[in-house]
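Each chain is listed here by its residues.
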Amino acid sequence: MTAEFGPYIQMRKLAQQMAIQFQKDPDIDLAPLLAHFMDEVEVNVASDRFDHSGFMEKIRAPLTLDAEVTLDQRRKEFLKAVADALQERIQRELNAPTLSA
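Conventions adopted
Residues numbered from 1 in each chain as written. Predicted model: local features only at pLDDT ≥ 70, side-chain atom pairs only at ≥ 80, totals over all residues. Heavy atoms only, no water. Phe/Tyr/Trp six-rings, centres within 6.5 Å; stacked < 30°, edge-to-face > 60°. Helix = DSSP H or I, 4+ residues; strand = E, 2+ residues; numbered from the N terminus. Buried < 20%, exposed > 50% of the residue type's maximum accessible area, 1.4 Å probe, protein only. Lys NZ or Arg CZ within 6 Å of the ring centre and 35° of its normal. Core = buried A, V, L, I, M, F, W, Y, C linked by side-chain atoms within 4.5 Å. Contact = heavy atoms within 4.5 Å. pLDDT = per-residue confidence, 0-100. Axes fitted to C-alpha atoms, helices over the stretch in contact; angles between N-to-C directions. Left-handed = near helix turned anticlockwise from the far one by under 90°. Nonpolar A, V, L, I, M, F, W, Y, C, P; charged D, E, K, R; others polar.

1. Some details on the packing of aromatic side chains
Counting across every chain of the model gives 1 aromatic pair. Ring geometry for phenylalanine 22 and phenylalanine 78: centres 6.0 Å apart, planes at 40°, overall tilted. You can see phenylalanine 22 sitting in helix α1 (residues 7–24) and its partner phenylalanine 78 sitting in helix α4 (residues 73–95), a full 56 residues away along the chain. On the accessibility criterion, phenylalanine 78 (0% relative accessible area) is buried. For arginine 74, the ring lying beneath its charged end belongs to phenylalanine 22, and the centroid distance is 3.7 Å.

This is the structure:
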């Protein structure tokens, strides 16, 4: 899959759509929405062998920038929470013991 069409593109779009919903509806709680997004990340990570950290970083980096330039505080809060959760997940991936053949 090329860089322009990798699965992380869909994940970034999902995060943006969820951020818009979070922005528009003050009754939506951050934690469950964030958990739902991270569940989707886990589905992608579990589905195949590939550079999981790279996959998550390609989602995290643009969302971090989006959070920095977003003026709406709720949207910023969601995007930053997603970027932080992805960073934590990347660290777990990097610190996980590997199986050597």
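Moving on, there is more to tell.
2. Structural notes on the nonpolar core
The nonpolar side chains of a soluble globular protein tend to be buried with one another. Among the nonpolar cores identified, the biggest contains 25 residues, and Phe37, Val41, Ile59, Phe78 and Leu86 are the most heavily contacted of them. Those elements giving two or more residues to this core turn out to be α1, α2 (30–47), α3 (52–69) and α4. The contact partners of valine 41, leaving out residues within four places of it in the chain, are Met11, Phe55, Met56 and Leu86.

3. Notes on the confidence of the model for the protein chain
Residues at a pLDDT of 70 or more form 90% of the protein chain, whose mean pLDDT is 88. Ranking the elements of the protein chain by mean pLDDT puts α2 last with 90 and α4 first with 94.

4. What to know about the packing of α1 against α3
For the pair α1 and α3, the least separation of the axes is 9 Å and the interaxial angle reads 35°. Here α1 runs over α3; the crossing is right-handed. Across the interface between the two elements, Pro7, Tyr8, Met11, Arg12, Ala15 and Gln16 of α1 pack against Phe55, Lys58, Ile59, Pro62, Leu63 and Asp66 of α3. Among the residues making up the contact of α1 with α3, the classes are represented as 8 nonpolar, 1 polar and 3 charged.

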